[in-house]
Amino acid sequence: MTDYSKATDGTKVIHDDPWLEPYKEVIKRRHNQVKNTIQKLEESEGSLLKFSQGYEYFGFNVTKDGVIYREWLPSAHEVYLVGDFNQWNKTSHPLERDSFGRWSIFIPNNSNGECSIPHGSKIKIYLKLANGNFDYRIPAWIKRVEQTKENPVFDGVFWNPTKQYVFKNQSPAKPTELRIYEAHVGMSSELPEISTYTKFKDTVLPMVKELGYNCIQLMAIMEHAYYASFGYQVTNFFAISSRFGTPEELKEMIDTAHEMGLLVFLDVVHSHASKNVLDGLNQLDGSDHHYFHSGGRGNHDVWDSRLFNYGNWEVMRFLLSNLRFYVDEYHFDGFRFDGVTSMIYTHHGLEPACSYNDYFGGGVDEDGLNYLTLANVMLHKLNPSIITIAEEVTGLATLCRPFSEGGGDFDYRLGMGIPDKWIELVKTKKDEDWNMGSIAHMLSNRRYKEKNIAYAESHDQSLVGDKTLAFWLMDKEMYTNMSVTTEETPIIDRGMSLHKMIRIITSSLGGDGYLNFMGNEFGHPEWVDFPREGNNNSLHHARRRWDLYKDPLLRYRQLRNFDIAMNKLEQEFRWLSANPAYISLKHEDDKIIVFERAGLIFIFNFHPSKSFSDYRIGSGASGKFANALDSDREQFGGHLRIGHDNYHYTEDKPWHDRPYSLLVYVPSRTCLVLKKVE
């Protein structure tokens, strides 16, 4: 039998998973493809890291003598720089082409020694396209674009402020436990408005810190023409969303987060691009390919967007440099890669893929997988503290193992099946039909040594056509029965109880990191719907109702209190970085789940009506245990059925394959967490 524990050819991953052995040649080939690409980059570009600094060569770069502008436009016949600086003269500033299809122009400073292109002025390129026609385009590497209500098509803007923002704070140390707060700046106001980086800094960052999260994951930062796309139809990859403010204001927001001890991740969209021609990458040089595949392969029919050609040298430079740019320029600490499933399969996840034959078969887009691995290797070489997360639904084996072992070098993958399961349960199953074994399996089933971000709901579950978890549980009664001055109805009681239980069992059993979408910690009602023609361009559902939790007469505050307590307990005992839980009980009739993790014992009673006195549970440790947290406390909207000061002593009586056992009282629809005190 082959010993893979010391393998250096990319097959070390087989040591931990012998079922991979039949695919060792595929694993080895993919590993070598990345190594060969890095070697070619070293030979032709100097290194992978130098290759990822394309933004210092392409686009607009200001020197002491003037501005140099470069663009890759291989199918263009003529290219001119036009804008306010030359009164939009179509021929006065022609670019020169080299043998690689790269065009360039140098614009010297004016006679006063000042930059000839004014800061904030509009700028574009005017080019003779592949078909011979002339038209305007926005430079691919531009760092600022703006639109108006009268003209939704973006204008390029030359961004060169005299006063550059200077970061004051270092990034926080890389945490061993990730508690992620997913957020959207534009919809972070409680008013029906598009919020700003500055307002987010002043109002949301302190809330995130108070809640006990240690990382903010920002959506919709990369510029997108259509606000209702939630930021997933990117038009301008190096420009941050101008709706929310300026680059300097975003930098100050990130710097402030770092001062508070919060990491900041970017939700990066390299899986596809907007089809917009006038203000996007599509047909930038007049061809149907350029940055994308030609023909049908270059189009995502479901998303109605363009698909990158990840095997193209300049496309790799563009995308790798895009990541590097956000680290160097804005000090982002990590990335959540959107749409990874689409990137790594030629069918883009639209066909089933859940077996090793799928993971290592012909349906994998190995150029896409090669790019993603290169991206991770580059980022981790640049800074080992950078964290990367894959939004990948099929569970592709080895994706989150180190590259040196044969993996894709992601740090985490999103546990995307978990929220889907919770929504399925609350939508289609009666409480008495919930299967404890299925819930436990759903939460604990993940690949060995591949870390998982668990979540009960993200932005996906809140989108129009769906509802937040709280709204699925309590629906219209949230409009009339959330006041503490009125008697709690059975629906509100059930919804409040399950909302708390679902969140803490997901955090404690579901993975190696935890994510929450902003506002859902307090049971945000309804759904998310951005302004569009179908809702009369209303912002009513594109905001966060922070006022609900701030009102002491509403129950939302109680759910938020529980979220704070849960995060505080995790911070103390660090279950997210502990070994996987030992599940000792999944009792279908009693509806009880018991497991141990990080020295804590977690007891969940999902039964809608039965409470259990002197209920015996197993324990791997002996001693005296106390109530560390329970969901039935008054400040959490509970009924005070569990004592806080009671101690539980183990007996030398094995139970459920554990060497010790103890007796507990477990009321219906509650969770209890015990900690050892002696």
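If you're wondering where the values come from, they're calculated on a predicted model, not measured in any experiment.

Considerations on helix H5 (residues 313–330)
Residues lying three or four places apart along an α-helix face the same way, a consequence of the helix completing one turn every 3.6 residues.
Thinking step 1. Helix length check: H5 (18 residues) gives 25 Å between terminal C-alpha atoms against 26 Å at 1.5 Å per residue, within 8%.
Thinking step 2. Across the 18 residues of H5, 15 count as buried, placing the element largely inside the fold.
Thinking step 3. The residue sitting at the N-terminus of H5 and contributing the capping side-chain oxygen is Asn-312; that oxygen lies 2.9 Å from the backbone nitrogen of Glu-314.
Thinking step 4. One or two residues past the end of H5 sits His-331, with phi positive at roughly 65°.

Some thoughts on the packing of H5 against helix H8 (residues 366–382)
Thinking step 1. With their axes 10 Å apart at the nearest point, H5 and H8 run at an angle of 30° to one another. You can see that H5 and H8 cross each other, and the crossing is right-handed. Together, Met-316, Leu-319, Leu-320, Leu-323, Arg-324, Val-327 and Asp-328 of H5 and Tyr-371, Leu-374, Ala-375, Met-378, Leu-379 and Leu-382 of H8 make up the contact between the two elements.
Thinking step 2. Looking at the contact of H5 with H8, its residues break down into 11 nonpolar, no polar and two charged.

Thoughts on the sheet that holds strand E2 (residues 66–72)
Thinking step 1. Taken in spatial order, the four strands of this open sheet run E1-E2-E5-E4, and their pairing is antiparallel. For this open sheet the edge positions go to strand E1 (59–62) and strand E4 (96–97), each flanked by a neighbour on one side alone.
Thinking step 2. Pairing of E1 with E2, which is carried by four bridges, proceeds in the antiparallel orientation. Each bridged residue has a counterpart across the sheet, and for Gly-59 the counterpart in E2 is Arg-70.

Some details on a nonpolar patch on the surface
Thinking step 1. Together, Tyr-647, Tyr-649 and Val-677 line one region of the surface with nonpolar side chains, adding up to about 320 Å² of accessible area.
Thinking step 2. Topologically, Tyr-647 is positioned in strand E27 (residues 647–649).
Thinking step 3. We classify Tyr-647 as partly exposed; its relative accessible area is 44%.

Concerning the sheet that holds strand E6 (residues 123–128)
Thinking step 1. Spatially, three strands are ordered E3-E6-E7 in an open sheet, and the strand pairing comes out antiparallel. The open sheet has two edge strands, strand E3 (78–83) and strand E7 (134–137), and neither has a second partner. Each strand axis lies, on average, 25° off the axis of its neighbour in the sheet, ignoring direction.
Thinking step 2. In terms of strand pairing, E6 meets E7 through four bridges, oriented antiparallel.

What to know about the packing of helix H13 (residues 490–509) against helix H15 (residues 556–573)
Thinking step 1. Packing of H13 against H15 leaves a shortest axis separation of 11 Å and a crossing angle of 20°. The angle between H13 and H15 falls in the class roughly parallel. The crossing of H13 and H15 is right-handed. Contacts between H13 and H15 involve Met-496, His-499, Lys-500, Arg-503, Ile-504 and Ser-507 from the former and Gln-558, Leu-559, Phe-562, Asp-563 and Met-566 from the latter.
Thinking step 2. Counted by class, the contact of H13 with H15 contains five nonpolar, three polar and three charged residues.

Brief notes about the UniProt feature "active site" (unreviewed entry) in the protein
Thinking step 1. In this structure's numbering, the residues bearing the UniProt feature "active site" (unreviewed entry) are Asp-338 and Glu-391. Look at the named residues: they lie 54 residues apart in sequence, but the longest C-alpha span between them is just 5.4 Å, so in the fold they bunch up.
Thinking step 2. By the element assignment, Asp-338 lies in the loop between strand E17 (334–337) and helix H6 (340–344).
Thinking step 3. Sequence-distant contacts of Asp-338, that is, excluding residues within four places in its chain, are made with Tyr-232, Asp-267, Val-268, Val-269, Ser-271, His-272, Met-343 and Glu-391.

Reading the values: the criteria
Residues numbered from 1 in each chain as written. Predicted model: local features only at pLDDT ≥ 70, side-chain atom pairs only at ≥ 80, totals over all residues. Heavy atoms only, no water. Helix = DSSP H or I, 4+ residues; strand = E, 2+ residues; numbered from the N terminus. Expected span 1.5 Å × (residues − 1). Buried < 20%, exposed > 50% of the residue type's maximum accessible area, 1.4 Å probe, protein only. Polar contact = N/O pair within 3.5 Å; in protein donor to acceptor, adjacent residues only side chain to side chain. Axes fitted to C-alpha atoms, helices over the stretch in contact; angles between N-to-C directions. Left-handed = near helix turned anticlockwise from the far one by under 90°. Contact = heavy atoms within 4.5 Å. Nonpolar A, V, L, I, M, F, W, Y, C, P; charged D, E, K, R; others polar. Pairing = 2+ DSSP bridges. Patch = residues over 30% accessible without salt bridge, like charges linked within 9 Å, V, L, I, M, F, W, Y side chains within 5 Å. Areas by Shrake-Rupley, 256 points an atom, 1.4 Å probe, with all protein chains shown as cover. Salt bridge = Lys/Arg side-chain N within 4 Å of Asp/Glu carboxyl O. Parallel < 35°, antiparallel > 145°, perpendicular 65-115°, else oblique. UniProt positions renumbered as here; feature names shortened; annotations may be inferred.

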